[in-house]
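What follows is the residue order along each chain.
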Amino acid sequence: MKTSHLLFLPLILFFSCQTEIEVKIPDYYNKLVVEGYIENGQYPIVSLSRSIPYFSTMTMNYLRDSVIITDAKVTITSSKGETQELIFMPFLQAPLFFGYTTWAMKGELNTSYTLTVEWNNKTYTSTTSILNTFDLDSVGFVPTFGKTAIDSVANLRIWMTDDGQPDNYYQFKVKIHNEDFQDRLWITTIPAAFDNSPFKGTSFNYEIMRGAPSTIFMPEMTEREMRRYMRMNYRTGDTVYLKYARLDYGGFRFWLSANGELTFGQNPFMSPTPIVSNIQSSTGERCLGVWCGAAAQEWVGVLDTATAKSSGATFRFR
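The numbers attached to residues start from 1 for each chain and follow its sequence in the written order. The predicted nature of this model means local features are confined to residues of pLDDT at least 70 and side-chain atom pairs, given and counted, to a pLDDT of 80 or more, with totals for whole chains, interfaces and linings taken over all residues. Just so you know, side-chain values use all the structure's heavy atoms and leave hydrogens and water out.

1. Side note on the overall build of the protein
Under the convention used in this document: Helix and strand assignments come from DSSP, with helices taken as H or I runs of at least 4 residues and strands as E runs of at least 2, each series counted from the N terminus. Remark: exposure states derive from per-residue accessible area (1.4 Å probe, protein chains only) relative to the maximum for the residue type, with buried under 20%, exposed over 50%, and partly exposed in between. Contact criterion: two residues are considered in contact whenever any of their non-hydrogen atoms come within 4.5 Å of each other. For the accessible areas, the method is Shrake-Rupley and the probe is 1.4 Å, while residue cover comes only from the protein chains on display.
For the protein, the helix and strand inventory stands at five helices and 18 strands. The buried share of the protein, taken over its 318 residues, is 47%. Sequence-distant contacts in the protein: of pairs separated by 6 or more residues, those separated by 24 or more amount to 64%. Accessible surface, the protein as shown: approximately 16,300 Å² in total, 52% of it carbon and sulfur.

Here it is in structure tokens:
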């Protein structure tokens, strides 16, 4: 059962004032939700689902029978004139384990892609762009706050230089693999996306804090295992995968609006908080979801304190 602090709001209002106030959660039940991504060198993946009541009980049977959409027609057209129809299939990288994809198209840099979804006698469209990648100056593990050296816990820090161009939108995601667990999906960091307005044209460093993983498919864990899984930092034995990407404006606006929900491991598509979408409907109705292109690169490091230096840099490349 998904819970929220909103559950306690009516109780607080009841005891703190004389006037009864009704809190109404927006009704987005049974609307199409689009969650689609395309990156350079990767196949597109589009997940389609029905929106559900905020306090629904989530089970795999419920998702399969009532949430996941299997009968839509999904096509992608690139700015280079290529069009491909996507096929529904099991897909481990899809958030709900099933999605639409094609093996006949991979994302390319400096290319735009238009997504068209036909479902329930309606048409939904969106265009996103894979821009150009950017490089990091360096990446490393550093001691946590107040420490002079790394013991068993560290933060991950990047150093980079913004090129000074207007409207650069950045996103970082991470995965952790260790003997206790392996992240199936990329975990958004805090914040989920940011622009270059505070440091345009300058060099800066930034600590990559892992956001909370989704709790929808959370396995049974002990309290200790849960603390280790939900942590924001990195521990000895972790293999850390870092994805750093440049987004277009439409993708940035979505991630920025979803930041609060993602920070606490909630699904933004199940949230009563308004989330900015770049999906358009043929009927003009408000849409839910995103079609997001990303110009991405990856880095992999292993936190191994056996090789720690006095500087605290203990990472190595693989």
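2. Description of the pattern of salt bridges
So the rule is basically this: Note on definitions: salt bridges are taken to be side-chain nitrogens of Lys or Arg within 4 Å of carboxyl oxygens of Asp or Glu.
Applying the stated criterion across every chain, the model contains 10 salt bridges. Here K243 and E39 are joined by a salt bridge, their closest N and O atoms 2.9 Å apart. Within this pair, whereas K243 is found in strand β16 (residues 239–247), its partner E39 is found in strand β1 (residues 32–39), the two being separated by 204 residues in sequence. We classify K243 as buried; its relative accessible area is 8%. Of the residues examined, E39 reaches a relative accessible area of 16% and is grouped as buried. For R210, the salt bridge goes to D183, with nearest N and O atoms at 2.8 Å. Of this pair, R210 sits in the loop between β14 (203–208) and α3 (223–229) while D183 sits in the loop between β11 (169–177) and β12 (187–188), placing them 27 residues apart in sequence. This pair shows no difference in class: R210 is buried, exactly as D183 is. Overlapping salt bridges, with partners in common, bring together K31, K122 and E285 in one network.

3. Digging into the packing of aromatic side chains
Here is the rule: Aromatic contacts are taken between Phe, Tyr and Trp rings whose centres are within 6.5 Å, Trp giving its six-membered ring; a plane angle under 30 degrees counts as stacked, one over 60 as edge-to-face, and the others as tilted. Lysine and arginine charges are scored as sitting over a ring when NZ or CZ, respectively, is within 6 Å of the ring centre and within 35 degrees of the ring normal.
Following the criterion strictly, the structure yields 20 aromatic pairs and no others. A centroid spacing of 5.8 Å and a plane angle of 40° characterise the contact between F172 and Y206, whose relative ring orientation is tilted. Of this pair, F172 sits in strand β11 while Y206 sits in strand β14, placing them 34 residues apart in sequence. For the pair shown, F172 and Y206 are each scored as buried. Linked through ring pairs, F134, Y170, F172, F194, F199, F204, Y206 and Y244 together constitute an aromatic cluster. Note that K173 overlies the ring of Y37, its terminal NZ or CZ placed 5.3 Å from the centroid.

4. A closer look at the nonpolar core
The test is simple: Nonpolar core, defined: a set of buried Ala, Val, Leu, Ile, Met, Phe, Trp, Tyr and Cys residues in which side-chain atoms within 4.5 Å join the residues together.
Ranked by size, the top nonpolar core spans 27 residues in total, and within it F172 and L242 carry the most contacts. Secondary structure elements with two or more residues in this core: β9 (138–143), β10 (153–161), β11, β14 and β16.

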